[in-house]
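# Chain and residue survey
Residue-level listing of the chains:
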Amino acid sequence: MIYPTPRAIVVLAASLPIVLIVGIAIPAGWLAGPALVALAALMLALDAIMGGSRSGLTLTTPDRLTPGLGRPGRADFTVRFGASGSPRRPEAALAADRRLGLIQGVVPATQGGETAHFSFPFVPGRRGPADISRLWVRWTGPLGLVWKQKVFDLDDPTTISTDLQAVRDEAVKLFARDALFGAKSQIELGEGSEFQALRDFQPGMDRRAIDWKQSARHSALLAKEFRTERNHHVIMALDCGRVMSEPVGGMPRVDRAIHASLLLAYACLRSGDRAGLYAFDSAPRVSTGAAAGLEAFRSLQMVAGRIDYSTNETNYTLALSSLAGTLKRRSLVVVFTDFTDSIAAELMIESLGRLLRRHLVLFVVLRDEELEGLAEAEANDTDDVARAVVASGLLRERDLVVTRLRRMGVHIVDTPADRMGPAVINAYLDLKRRDLL
């Protein structure tokens, strides 16, 4: 496709008054009009010829993109013009699914010789397919009078998945020096919950560890030595219903829950416990059971990628009762969910109460900073007052639900969205340290 640039249109429009004046002032001046048209056509054709051949333009496709949710990335393309002209001002536009989150639709080229490089920054906003379908490349000739454009059909299927790179990076920061597990390693012998051996009592040891029966039998003070109990079952229960599909801090709540779940699963598997995923909305959707060993982490990653967004309301009664029926031994159940109305909260509290009869429950609450901002914002008109009143009421209801859960014996993690992963791991380690699992 070849079409005029704004420069050509401006030059032609500026020449029309001059042609009109010449046509009025000179009897043969009417010939200036056709002459101007012929000259403009000649200049446009000359600029198009000197601007390089569209048929000689070739595209080098990039390596297959593996975008992660919320992680900034770039789609890079390189085109080669060859030796058939000197293009000016090359730029490109990319057509892709909205999920990819392109920041710039049109980008200028970084040109070097006969090649031009185009880089499209993006930040994915949701998981799922995000196909890149088409690339437009255009440039001007030496005179800057015409645009020459070529379209490349890419048909590049791309899938946005959970940002596993962010999970790995955060895991490295948390566990590189055993920062969180160091204290547990020091008390692994002597302060655990599982009997290990008998040893001679030494000054400074806890006197409650003395085994008086064995001491009397051996005529020497002997103390019991314990080791940390392992092989606990930790189940991450993720609500993927309508409310959890809404964004907080620029990312859907369910994706933040998946990120924190994978990080917690890595911590559990690394410390010798078993970890599993359970996703639900109006019905159970995903259930892996409890798996052991770091090799199971890859399977959990694959299962987490299959958790989809849902528009259904969450059925806590069905989901949590089904989960309780699948658990054969006492487990730590980490519940990632959110609620917006008192009816859903009542059903959730009732279901968690039944789950608490046998299992330990850790409930993760995301702070809604946008809601808190509305409640604390300065009121300049009646609309601001109404928004502040509604936001304060929702926050008050949330606090009441959290207070009731605490009184029932549910352990609560109340954290900002961007700190969910470390906060959940710290709560898990604290429960292990207190021998509550």
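What this report covers is the structure whose coordinates are included nearby. Please read all numbers here as calculations on a predicted model, not as lab measurements.

Parameters and conventions
- Throughout this description, residue numbers start from 1 for each chain and increase along the sequence as written.
- Thresholds applied to this predicted model are a pLDDT of at least 70 for local features of residues and 80 or more for the giving and counting of side-chain atom pairs; totals over whole chains, interfaces and linings are not thresholded and use all residues.
- The side-chain figures draw on all heavy atoms in the structure; neither hydrogens nor water molecules are used.
- A pair of strands counts as paired when DSSP detects no fewer than two bridges linking them.
- The numbering of helices and of strands both runs from the N terminus, where a helix is a DSSP run of H or I of at least 4 residues and a strand a run of E of at least 2.
- Angles shown run from 0 to 180 degrees and are taken between the N-to-C directions of axes, each axis being a line fitted to C-alpha atoms and, for helices, limited to the stretch in contact.
- Expected helix span is computed as 1.5 Å times (number of residues minus one).
- Per-residue accessibility, obtained with a 1.4 Å probe over protein chains only, is compared with the maximum for each type, and a residue is labelled buried under 20%, exposed over 50%, and partly exposed between these values.
- Residue contacts are counted whenever heavy atoms from the two residues lie within 4.5 Å of one another.
- In this description, the arc belongs to the directions extending from the helix axis to the C-beta atoms.
- Both site types are read off a 1 Å grid over the protein atoms alone. A 1.4 Å probe that fits but cannot get out defines a cavity, while an open set with protein on both sides within 12 Å along at least five of seven lines defines a pocket; lining residues have an atom within 4 Å of a point.
- Grid points are joined across faces, edges and corners, and a volume is the space filled by probe spheres set on the points.
- Ten residue types, Ala, Val, Leu, Ile, Met, Phe, Trp, Tyr, Cys and Pro, are classed as nonpolar, four, Asp, Glu, Lys and Arg, as charged, and the remainder, Gly among them, as polar.
- When describing relative orientation, an angle under 35 degrees is termed roughly parallel and one over 145 degrees roughly antiparallel, while 65 to 115 degrees is termed roughly perpendicular and anything else oblique.
- Each crossing is labelled by how the near helix is turned from the far one, with a counterclockwise turn of less than a right angle marking it left-handed and a clockwise turn marking it right-handed.
- By convention, a stacked pair of Phe, Tyr or Trp rings (six-membered ring in the case of Trp) has centres within 6.5 Å and planes under 30 degrees apart, an edge-to-face pair has planes over 60 apart, and any other such pair is tilted.

### Focus: the pairing of strand β18 (residues 284-287)
Direction of pairing for strand β17 (residues 274-280) relative to β18: antiparallel, over a ladder of three bridges. Counterpart to Y278 in the pairing with β18 is S287. Where β17 hands over to β18, the hairpin turn is made up of three residues, counted between the paired strands.

### Quick notes on the sheet that holds strand β10 (residues 146-156)
Read across the open sheet, the five strands follow the order β1-β10-β9-β4-β5; overall the sheet is antiparallel. Either end of the sheet is taken by a strand with one partner, and the two such strands are β1 (2-4) and β5 (106-108). Direction aside, neighbouring strands of the sheet carry axes that sit 25° apart on average. Strand direction decides the pairing type here: strand β4 (residues 88-96) and strand β9 (residues 132-140), joined by seven bridges, are antiparallel.

### A look at helix α9 (residues 342-356)
In a regular helix each residue adds 1.5 Å, so 15 residues correspond to 21 Å; α9 covers 21 Å between its end C-alpha atoms and thus fits that length. Among all positions in α9, only A344, A345, M348, I349, S351, L352, L355 and L356 are buried. Its buried side turned inward, α9 meets α8 (316-326), β19 (331-336), β20 (360-366) and α11 (382-408).

### What about helix α7 (residues 296-305)?
Considered for burial, the residues of α7 that qualify are A296, F297, L300, Q301, V303 and A304. Down the axis of α7, the buried side of the element spans an arc of 165°, and every buried residue falls inside it. In α7, the exposed positions angled more than 90 degrees off the buried face are occupied by R298 and M302.

### Regarding empty space enclosed by the protein
Scanning the entire structure with this criterion turns up two cavities of 30 Å³ or more. For the second largest cavity, the calculated volume is near 30 Å³. Lining the second largest cavity we find M244, R253, F336, T337, D338, V364, L366 and M420. When grouped by side-chain class, the residues that make up the lining of the second largest cavity number five nonpolar, one polar and two charged.

### Examining the side chain of S215
With respect to the helices, strands and loops of the structure, S215 is situated in helix α5 (residues 212-218). The contact partners of S215, leaving out residues within four places of it in the chain, are I210, A220, L221 and L222.

### Quick word on the packing of α9 against α11
The packing of two helices is summarised by the inter-axis angle and the distance between the axes. In contact at an axis separation of 11 Å, α9 and α11 are set at 10° when each is read in the N-to-C sense. On the basis of the axis angle, α9 is roughly parallel to α11. Where α9 crosses over α11, the two elements pack in a sense that is right-handed. In contact with S342, A345, E346, M348, I349, L352, G353 and L356 of α9, α11 contributes E397, V401, R404, L405 and M408. Broken down by class, the residue content of the contact of α9 with α11 amounts to eight nonpolar, two polar and three charged.

### A word on the layout of surface pockets
Taking a probe equal in size to a water molecule and rolling it over the atoms shows the remaining empty space. Empty space within the largest pocket amounts to approximately 440 Å³. Mapped onto the lining of the largest pocket, the elements with two or more residues apiece are β15 (247-248), α9, α10 (369-376) and α11. Residues belonging to the lining of the largest pocket are distributed by class as follows: twelve nonpolar, three polar and ten charged.

### What to know about the sheet that holds β17
Ordered by their spatial adjacency, six strands build an open sheet running β18-β17-β14-β19-β20-β21, and the pairing between neighbours is mixed. One side of each edge strand has no neighbouring strand; the edge strands of this open sheet are β18 and β21 (411-415). Averaged over all adjacent pairs, the angle separating strand axes in this sheet is 20°, with direction ignored. Across the face of the sheet, helix α6 (residues 253-270) comes into contact with β14 (233-239), β17, β19 and β20 while running at roughly 175° to β14.

### Description of the packing of aromatic side chains
Taken as a whole and judged by the stated rule, the model has four aromatic pairs. A ring pair is formed by Y278 and F280, whose centres lie 5.9 Å apart and whose planes are at 35°; its orientation type is tilted. Considered together, Y278 and F280 belong to a single accessibility category, that of buried residues. Taking 6.5 Å as the distance between ring centres and 65° as the angle between the ring planes, the aromatic pair formed by F280 and Y316 counts as edge-to-face. Of this pair, F280 sits in strand β17 while Y316 sits in helix α8, and the two are 36 residues apart along the sequence. A relative accessible area of 0% places F280 in the buried class.

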